[in-house]
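Given next are the chains, with one letter for each unit.
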Amino acid sequence: MVPENYNQQGNPQFNQPPYNQGYNQQPPYNQQPYNQGYPQQQLPPDNGMVWAILTTLFCCLPFGIVAIVKASNVNSLWMSGNYDAARQAAKSSKNWSIAAACTGLGISIIYFILIILGALASNF
């Protein structure tokens, strides 16, 4: 008697997928999709390096440096497989860049107010 996985000549039989499947067709109901069990490849989050550099140059140097350090860690954390830490570093870099921009804007506003007040006070 021949086992059920073997044909009449004693050679093993393998379940071959049908070759006439189109790209968008689903496999037959009794077969699993080919990529099942493999995680979908994800892209790393935006590290915000451009905004970190711009806020360092034009807004607030200390906060901008922290944003650059956080942004530079994103890709290395992602490549090491630490996805949650990479997302957290990207979010932190964005927050530090926003803080640097707001601080720079606030200091600029205060500076111009003091310039105007100084110009008005010198006329008296």
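Everything discussed here concerns the structure shown above.
Residues numbered from 1 in each chain as written. Predicted model: local features only at pLDDT ≥ 70, side-chain atom pairs only at ≥ 80, totals over all residues. Heavy atoms only, no water.

## Here's the deal with the overall build of the protein
Within the protein, the regular secondary structure consists of three helices and zero strands. Listed N to C, the secondary structure of the protein is α-α-α in terms of helices and strands. Look at the contacts in the protein between residues 6 or more apart in sequence, and 49% of them connect residues 24 or more apart. When the accessible surface of the protein is totalled, it reaches about 10,400 Å², and 61% of it is carbon and sulfur. (Helix = DSSP H or I, 4+ residues; strand = E, 2+ residues; numbered from the N terminus. Contact = heavy atoms within 4.5 Å. Areas by Shrake-Rupley, 256 points an atom, 1.4 Å probe, with all protein chains shown as cover.)

## Considering the packing of helix H1 (residues 49–58) against helix H3 (residues 83–122)
A packed helix pair is summarised by two numbers, namely the angle formed by the two axes and the spacing between the axes. At their nearest, the axes of H1 and H3 sit 9 Å apart, and the two run at 25° to each other. The angle between the axes of H1 and H3 places the two elements in the roughly parallel class. As H1 packs across H3, the resulting crossing turns out to be left-handed. Seen from H1, the contacting residues are Trp-51, Ala-52 and Thr-55; seen from H3, they are Ser-97, Ala-100 and Ala-101. Split into classes, the residues belonging to the contact of H1 with H3 amount to four nonpolar, two polar and no charged. (Axes fitted to C-alpha atoms, helices over the stretch in contact; angles between N-to-C directions. Parallel < 35°, antiparallel > 145°, perpendicular 65-115°, else oblique. Left-handed = near helix turned anticlockwise from the far one by under 90°. Nonpolar A, V, L, I, M, F, W, Y, C, P; charged D, E, K, R; others polar.)

## Here we look at the environment of Ser-97
Within the secondary structure, Ser-97 sits in helix H3. Using a relative accessible area of 7% as the deciding quantity, one classes Ser-97 as buried. C-alpha of Ser-97 to C-alpha of Phe-63: the two residues are 34 residues apart in sequence and 7.0 Å apart in space. When residues no more than four places from it in sequence are discounted, the contact partners of Ser-97 are Gly-48, Trp-51, Ala-52, Thr-55 and Ala-67. (Buried < 20%, exposed > 50% of the residue type's maximum accessible area, 1.4 Å probe, protein only.)

## Description of the pattern of salt bridges
Here the structure, examined in full by the defined rule, presents one salt bridge. Arg-87 is paired through a salt bridge with Asp-84; the nearest N and O atoms lie 3.4 Å apart. Of this pair, Arg-87 and Asp-84 both sit in helix H3, three residues apart, roughly one helical turn. On the accessibility criterion, Asp-84 (61% relative accessible area) is exposed. (Salt bridge = Lys/Arg side-chain N within 4 Å of Asp/Glu carboxyl O.)

## A word on the side chain of Thr-56
The topology assignment puts Thr-56 in helix H1. A polar contact of 2.6 Å, which involves the side chain of Thr-56, links it to the backbone oxygen of Ala-52. Setting aside chain neighbours within four positions, we find Thr-56 in contact with Leu-61, Gly-64, Ile-65 and Ile-68. (Polar contact = N/O pair within 3.5 Å; in protein donor to acceptor, adjacent residues only side chain to side chain.)

## A word on H3
The end-to-end C-alpha separation of H3 is 58 Å, in line with the 58 Å expected for 40 residues at 1.5 Å each. On its buried face, H3 is in contact with H1 and helix H2 (61–79). (Expected span 1.5 Å × (residues − 1).)

On their own, these measurements won't tell you what the molecule is for.
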